Amino acid sequence: MSSSTAAGQERKAPGRPRNAQADETILDAVLGLLSDGQSAAAISIEAVAAKAGVGKATIYRRWPNKDALLIDAVRSMKGPLPEPAGISVRDDLIALIKANRTPRAQRYSKVTACLLPDLYRDTELARMYHAFVEPRREVTRQVLRRGIATGELRPDLDVELTQLMLSAPGMMQSMLRLTTVPEDQFAENLVDAVLRGAAAR
């Protein structure tokens, strides 16, 4: 993937206003192809145009190439950053995990699973993906750091490892369904399991 891709820049023909609905339809078509199991490398502008019900010219007026389109599609998976209520570390961690277990989030975890081979092979795509998810990882880190400061969590807690312990099981469960824990209990059970080792004594 070319590092010169200007995915975040406004892309439109001079004098032609962007159509937000068309943008959303095109990006959703990309995510649909990925969630159907197609690799990023296999997806073509022609396939996206056909699934979105638009012409190729409509896509090229908005994105200069497939790389830019893929980057914007991945970016569109994520909504606004969650804002923890700050009541307790346990409650905030449960809320953050539940935010990643909504039907929308579950669909996008399937997209992420399909992207894994491309993220492994394509260093630029991986870099862009990490840039998208890092702010969300930082929200969890902030909750953990606050818990250390308030005495809810151990002062010697490894924040980075604990953040990973909280995030990885949700992804694995979404992709592989390795546990029979009911979905409505998953977040609470996961947080309580981690806090058994992370909580202050």
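What counts and how
Residues numbered from 1 in each chain as written. Predicted model: local features only at pLDDT ≥ 70, side-chain atom pairs only at ≥ 80, totals over all residues. Heavy atoms only, no water. Helix = DSSP H or I, 4+ residues; strand = E, 2+ residues; numbered from the N terminus. Expected span 1.5 Å × (residues − 1). Buried < 20%, exposed > 50% of the residue type's maximum accessible area, 1.4 Å probe, protein only. Contact = heavy atoms within 4.5 Å. Axes fitted to C-alpha atoms, helices over the stretch in contact; angles between N-to-C directions. Parallel < 35°, antiparallel > 145°, perpendicular 65-115°, else oblique. Left-handed = near helix turned anticlockwise from the far one by under 90°. Nonpolar A, V, L, I, M, F, W, Y, C, P; charged D, E, K, R; others polar. Patch = residues over 30% accessible without salt bridge, like charges linked within 9 Å, V, L, I, M, F, W, Y side chains within 5 Å. Areas by Shrake-Rupley, 256 points an atom, 1.4 Å probe, with all protein chains shown as cover. Salt bridge = Lys/Arg side-chain N within 4 Å of Asp/Glu carboxyl O. Core = buried A, V, L, I, M, F, W, Y, C linked by side-chain atoms within 4.5 Å. pLDDT = per-residue confidence, 0-100.

**Details of helix H9 (residues 183-198)**
One full turn of an α-helix is made of 3.6 residues, so residues set three or four places apart face in the same direction. The terminal C-alpha atoms of H9 lie 23 Å apart, and with 16 residues this matches the ideal 22 Å at 1.5 Å per residue to within 8%. Listed in full, the buried residues belonging to H9 are Phe-186, Ala-187, Glu-188, Leu-190, Val-191, Val-194, Leu-195 and Ala-198. Against the buried residues of H9 lie helix H5 (89-99) and helix H8 (159-176).

**Here's the deal with the packing of helix H1 (residues 20-35) against helix H6 (residues 103-121)**
Put simply, H1 and H6 touch, their axes get as near as 8 Å, and they point 65 degrees apart. With respect to each other, H1 and H6 are oriented roughly perpendicular. Crossing geometry of H1 relative to H6 is assigned as left-handed. In contact with Asp-28, Leu-31, Gly-32, Leu-34 and Ser-35 of H1, H6 contributes Arg-107, Tyr-108, Lys-110, Val-111, Cys-114 and Leu-115. Classifying every residue of the contact of H1 with H6 gives six nonpolar, two polar and three charged.

**Some remarks on a nonpolar patch on the surface**
A cluster of nonpolar side chains, Leu-161, Leu-164 and Met-165, forms an exposed patch at the surface whose accessible area comes to about 270 Å². Within the fold, Leu-164 resides in helix H8. With relative accessibility at 44%, the residue Leu-164 sits in the partly exposed group.

**Considering the packing of H6 against helix H7 (residues 123-150)**
Between H6 and H7, the least distance of the axes is 6 Å, while the angle of their chain directions is 125 degrees. Classified by the angle their axes make, H6 and H7 are oblique. Two secondary-structure elements touch here, H6 through Thr-112, Leu-115, Asp-118, Leu-119 and Arg-121 and H7 through Thr-123, Leu-125, Ala-126 and Tyr-129. Residues of the contact of H6 with H7, tallied by class, amount to five nonpolar, two polar and two charged.

**Topic: the nonpolar core**
Among the nonpolar cores identified, the biggest contains 31 residues, and Val-48, Ile-59, Leu-69 and Leu-115 are the most heavily contacted of them. The set of elements that each furnish at least two residues to this core consists of H1, helix H2 (45-52), helix H4 (66-76), H6 and H7. No other element matches H1, which puts seven residues into this core. Sequence-distant contacts of Leu-115, defined by excluding residues within four places in its chain, comprise Leu-34, Ala-40, Val-74 and Leu-125. Membership of the second largest hydrophobic core comes to 19 residues, among which are Ile-94, Leu-96, Leu-144 and Val-191.

**Quick word on the side chain of Arg-101**
By the element assignment, Arg-101 lies in the loop between H5 and H6. When sequence neighbours within four positions are dropped, the list of residues in contact with Arg-101 reads Gln-106, Gly-170, Gln-173, Ser-174, Arg-177, Glu-183 and Phe-186.

**With respect to the pattern of salt bridges**
Taken as a whole, this structure holds 16 salt bridges when the rule is applied. Close ionic contact of Lys-56 with Glu-46 constitutes a salt bridge, the shortest N to O distance being 3.2 Å. Note that Lys-56 is positioned in helix H3 (residues 56-60) and Glu-46 in helix H2, a separation of 10 residues in sequence. Residue Lys-56 is classed as partly exposed on the basis of its relative accessible area of 38%.

**Here we look at the confidence of the model for the protein chain**
Residues of the protein chain with pLDDT of at least 70 account for 90%, and the chain-wide mean is 84. Within the protein chain, H6 has the poorest average pLDDT of any element, 77, and H2 the best, 96. Note that pLDDT drops below 50 for residues 1-16; the model gives that stretch 29 contacts with residues more than four away or on any other chain.

**Notes on the environment of Leu-70**
The residue Leu-70 is located in helix H4 in this model. Its relative accessible area of 4% is what places Leu-70 among the buried residues. Along the chain, Leu-70 and Arg-154 lie 84 residues apart, while their C-alpha atoms are 41 Å from each other. Beyond its immediate sequence surroundings of up to four residues, Leu-70 is in contact with Val-30 and Ala-40.

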